[in-house]
Amino acid sequence: MEISHVLAFLEDELTFPIHQDSVIRQVGAVDIEAPDAQETETVSTIIGPVGQETYASADELFTTIIGNLSDEYIGRKFYDDRGGNLAGASVGPTDETDISF
């Protein structure tokens, strides 16, 4: 299942509030696809280590799922569409003149 469909799926399949064990029993085997569609993780694998007892709403469970996805779900790491590449930026004076006092 694509991540964009997970919230609606949770709302349709589960009744809230719900205990974590019930989530795992009812929808734990559902695969969530990474954006590259080559990797998947199950709901159980994602929320199992969290240790939260109860989810009050589908939004709370969805937020927990999103917050615990592995790196394969991030997309382009370190990509910034708001500026240039800071790795090549210099700090301080840019000319090589000798500044003496």
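Everything below is about the structure shown above.
Overview of the structure. Given the structure is predicted, the values throughout are model-derived calculations rather than measurements.

## Details of the overall build of the protein chain
A tally of regular secondary structure across the protein chain gives 4 helices and 4 strands. Within the protein chain, contacts between residues at least 6 apart in sequence are counted, and of these 55% link residues at least 24 apart.

## Considering helix 4 (residues 58–67)
Turning to helix 4, its buried residues are Ala 58, Leu 61, Thr 64 and Ile 65. Relative to the axis of helix 4, the buried residues are bounded by an arc of 130 degrees and lie together on one face. Turned more than 90 degrees away from the buried face of helix 4 sit Thr 63 and Gly 67, all of them exposed.

## So, the nonpolar core
With 19 residues, the main nonpolar core has Leu 10, Val 23, Val 43, Ile 47, Leu 61 and Ile 65 as its most contacted residues. Of all the secondary structure elements, the ones that give two or more residues to this core are helix 1 (6–13), helix 2 (20–27), helix 3 (43–47) and helix 4. The contacts of Val 43, once residues within four sequence positions are left out, are Val 23, Val 27, Gly 28, Val 30, Ile 32, Gly 48 and Ile 65.

The rules behind these values
In this numbering scheme, every chain counts its residues from 1 along its sequence in written order. It should be noted that, the model being predicted, local features are given only for residues of pLDDT at least 70 and side-chain atom pairs only at 80 or more, the latter also being counted only at that level, while totals for whole chains, interfaces and linings use all residues. The basis for every side-chain value is the complete set of non-hydrogen atoms in the structure, without hydrogens or water. The numbering of helices and of strands both runs from the N terminus, where a helix is a DSSP run of H or I of at least 4 residues and a strand a run of E of at least 2. Only heavy atoms enter the contact rule, under which two residues are in contact if any of them lie within 4.5 Å. Buried, partly exposed and exposed residues are distinguished by accessible area as a fraction of the type maximum, computed with a 1.4 Å probe on protein chains only: under 20%, between the cut-offs, and over 50%, respectively. It is the directions from the helix axis to the C-beta atoms whose arc is reported. What we call a nonpolar core is a set of buried Ala, Val, Leu, Ile, Met, Phe, Trp, Tyr and Cys residues that are connected through their side-chain atoms within 4.5 Å.

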